[in-house]
2 protein chains.
Amino acid sequence: MTTRSSTDANRVIPEATVARLPVYLRALTALADSGIRTCSSEDLAIAAGVNSAKLRKDLSHLGSYGTRGVGYDVDYLRYQIAREIGVTQDWPVVIVGIGNLGHALANYSGFRSRGFRVVALLDADPQLIGQTVAGVAVRAFDELEAIVQEHDVAIGVIATPAVAAQSVADRMVAIGITSILNFAPAVVAVPDGVDVRKVDLSIELQILAYHEQRKANGADAAAAAAAAVTVDGGAA
Amino acid sequence: MTTRSSTDANRVIPEATVARLPVYLRALTALADSGIRTCSSEDLAIAAGVNSAKLRKDLSHLGSYGTRGVGYDVDYLRYQIAREIGVTQDWPVVIVGIGNLGHALANYSGFRSRGFRVVALLDADPQLIGQTVAGVAVRAFDELEAIVQEHDVAIGVIATPAVAAQSVADRMVAIGITSILNFAPAVVAVPDGVDVRKVDLSIELQILAYHEQRKANGADAAAAAAAAVTVDGGAA
DNA sequence: CCAATTTTGTTCTCACGTTCACAAACTCCT
DNA sequence: AGGAGTTTGTGAACGTGAGAACAAAATTGG
């Protein structure tokens, strides 16, 4: 029916797989930097910290890029994954909120080397405007629309305080941004068709704390079971 | 068999639920700050950005803390969740790697208010040692063991460059740290019994890029299907 | 006190993701 | 050429999670 190129753009890649593709990409880059030209699924799985069956199944969703009995060509597979993710060209990105975290993000060299280019830093604070961070001038939040249109920006990063997050997101969506990476500790609601990913530092720590507490309570409980003592407060 | 307190410490809470509990906790805090004393699962679900059936099922894993026909007492539920996560007391945390990101983390006020206390900042760079960041002196990485033992630290944060991440993690594990939050763009391997959570900025952006590319290709493909043009490069 | 209303906690079903296990396909060696 | 040895790609079994739907339990009003 529809004319297609060699790879079928209709296939759906499971979300869980999509989340691991960047890990594989990084592992392949590391292998290539070590001068390795070919690797087995087992080698790559170890480098990526997953099990090899999962890796093979993940890759099978992209197509058949390996050779049975041989393995994968590192550069070829790396290119295929990069193309699948869409990082063979650079994506322009704007960062809103140039506080501590915004500074760190602006200075993060990993963006540039992994397919992203920070085209603007924005803040609402007049005192920050005009300052240069990581070689980029901080501009007024009001300039968002002009910048997005000029550079055809699709991805926005929110690094503001929590109270500002929703209004910044609303503004981004109104202007046509369709992917948002939110570092503010707040839930932002967006319409269908807009993707939001959230990175929340204290949530990550709280998840660790939960498991840490369970480890401690588990040890307590084991001791308690032996000593027949009531388990309650844990590490008091 | 074993003596237990009122809540059954044996129950397992699904990992997906654990990951949402901090979100509920934050939403409850926001509601409490607005002076709201009681809320329904629907109210809380909206505040937390989830669906109410999922919220109720999540809470049911903790126990039965609501009242049918009424809803949940905000303060009571908040306390129960905080207790379940283990953030009714502060957890001491060490941050290793005081670069851009380490600075931002050290200055992040959300840690303190959500159950964590930064007890030390460590770096291998002699030039940084002795400087004060967010009121805490940067100390030599070698002091890790003494600090961990003094403060009974269980949680470590890695904010170093990728190359250093594994050796820092190894050292942390050897000293007795059992939970690691890794911001370095590298896979770190740890033995069983140690939890690692990874926060990777460029991976998050790459996941967004994938979906962004699909949106663009979907639009292209729709146009192409009408025009009978081959779909391949996408946004070239 | 009883019926109507509200809202929780739980059951059931379906979808998604992970892991195992193996046939297919390739190379290498004799 | 043919068999032995590797390694991929995938089918099938299993486990976890999401969402709909509803019974149980509380309040409210007459």
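The structure under discussion appears in the preceding block.
Residues numbered from 1 in each chain as written. Chains lettered and ligands numbered in written order. Predicted model: local features only at pLDDT ≥ 70, side-chain atom pairs only at ≥ 80, totals over all residues. Heavy atoms only, no water.

**Thoughts on the overall build of chain A**
- Assigned secondary structure in chain A consists of 9 helices and 10 strands.
- When the 236 residues of chain A are sorted by exposure, 47% land in the buried category.
- Partitioning the contacts of chain A with sequence separation of at least 6, the portion at a separation of at least 24 is 54%.
- Element-wise, carbon and sulfur atoms account for 51% of the exposed surface of chain A, whose accessible area totals about 11000 Å². (Helix = DSSP H or I, 4+ residues; strand = E, 2+ residues; numbered from the N terminus. Buried < 20%, exposed > 50% of the residue type's maximum accessible area, 1.4 Å probe, protein only. Contact = heavy atoms within 4.5 Å. Areas by Shrake-Rupley, 256 points an atom, 1.4 Å probe, with all protein chains shown as cover.)

**Quick look at the sheet that holds strand S7 (residues 136-140) of chain A**
Residues and elements named next belong to chain A.
- Strand order in the open sheet formed by 7 strands is S6-S7-S5-S4-S8-S9-S10, with mixed pairing between adjacent strands. Of all the strands in the sheet, just strand S6 (132-133) and strand S10 (195-198) have a single pairing partner and so form its edges.
- Pairing of strand S4 (residues 91-96) with strand S5 (residues 116-123) involves 6 bridges; the strand directions are parallel. Following the sheet pairing, Val-96 is matched in S5 by Leu-122.
- Relative to the sheet, helix H8 (residues 162-175) contacts S4, strand S8 (155-158) and strand S9 (179-182), its axis offset from that of S8 by approximately 170 degrees. (Pairing = 2+ DSSP bridges. Axes fitted to C-alpha atoms, helices over the stretch in contact; angles between N-to-C directions.)

**Some thoughts on the relation of the copies chain A and chain B**
- Mapping chain A onto chain B is achieved by rotating through 180 degrees and translating by 0.0 Å along the same axis, at an RMSD of 0.0 Å. Here the symmetry operator amounts to a two-fold rotation axis.
- Mapped onto chain B, 100% of the interface residues of chain A again fall at the interface, so both copies present the same surface. (Least-squares fit on C-alpha atoms with pLDDT ≥ 70 in both.)

**Regarding the protein's contact with DNA strand D**
- Near DNA strand D you find 25 residues, and of these Ser41(A), Ser64(A), Tyr72(A), Lys57(B) and Arg68(B) are the closest.
- Put simply, 64% of the atoms of DNA strand D that lie within 4 Å of the protein are in sugar or phosphate.
- Residue Ser41(A) places a main-chain N or O atom 2.5 Å away from a phosphate oxygen belonging to DNA strand D.
- Within the side chain of Arg20(B), a nitrogen or oxygen atom sits 2.9 Å from a phosphate oxygen of DNA strand D.
- If you list the elements that add at least two residues to the surface near DNA strand D, you get helix H3 (52-60), strand S2 (66-67) and strand S3 (71-73) of chain A together with helix H1 (15-33) and helix H3 (52-62) of chain B.
- Of the residues in the surface near DNA strand D, the class split is 6 nonpolar, 10 polar and 9 charged. (Near = heavy atom within 4 Å. Polar contact = N/O pair within 3.5 Å; in protein donor to acceptor, adjacent residues only side chain to side chain. Nonpolar A, V, L, I, M, F, W, Y, C, P; charged D, E, K, R; others polar.)

**A closer look at the environment of Gly49(A)**
- Structurally, Gly49(A) is set in the loop between helix H2 (41-48) and H3.
- Here the alpha-carbon distance between Gly49(A) and Tyr24(A), two residues 25 residues apart in the chain, equals 9.2 Å.

**Some points on the layout of surface pockets**
- Its volume calculated, the largest pocket comes out at about 1400 Å³.
- Lining the largest pocket are 43 residues, and of these Arg197(A), Lys198(A), Glu204(A), Arg197(B) and Glu204(B) sit closest to its centre.
- Looking at the lining of the largest pocket, the elements that each hand over two or more residues are helix H1 (15-33), S10 and helix H9 (201-227) of chain A together with H1, strand S10 (195-198) and helix H9 (201-227) of chain B.
- No other element matches H9(A), which puts 5 residues into the lining of the largest pocket.
- Put simply, the second largest pocket is a space of about 1100 Å³.
- Surrounding the second largest pocket, 49 residues form its lining, Tyr108(A), Arg114(A), Pro161(B), Ala162(B) and Pro185(B) being those nearest its centre.
- Counting only elements with at least two residues in the lining of the second largest pocket, the list comes to H1, helix H4 (74-85), helix H5 (100-107) and helix H6 (109-113) of chain A together with helix H5 (100-107), strand S5 (116-123), helix H8 (162-175) and H9 of chain B.
- Considering every element that reaches the lining of the second largest pocket, the biggest residue donor is H1(A), with 9 residues.
- Across the lining of the second largest pocket, the residue classes tally to 30 nonpolar, 13 polar and 6 charged. (1 Å grid on protein atoms, 1.4 Å probe; cavity = no way out; pocket = protein on both sides within 12 Å on 5 of 7 lines; lining within 4 Å. Points joined across faces, edges and corners; volume = space filled by probe spheres on them.)

Function cannot be inferred from these measures alone, as they are strictly geometric.
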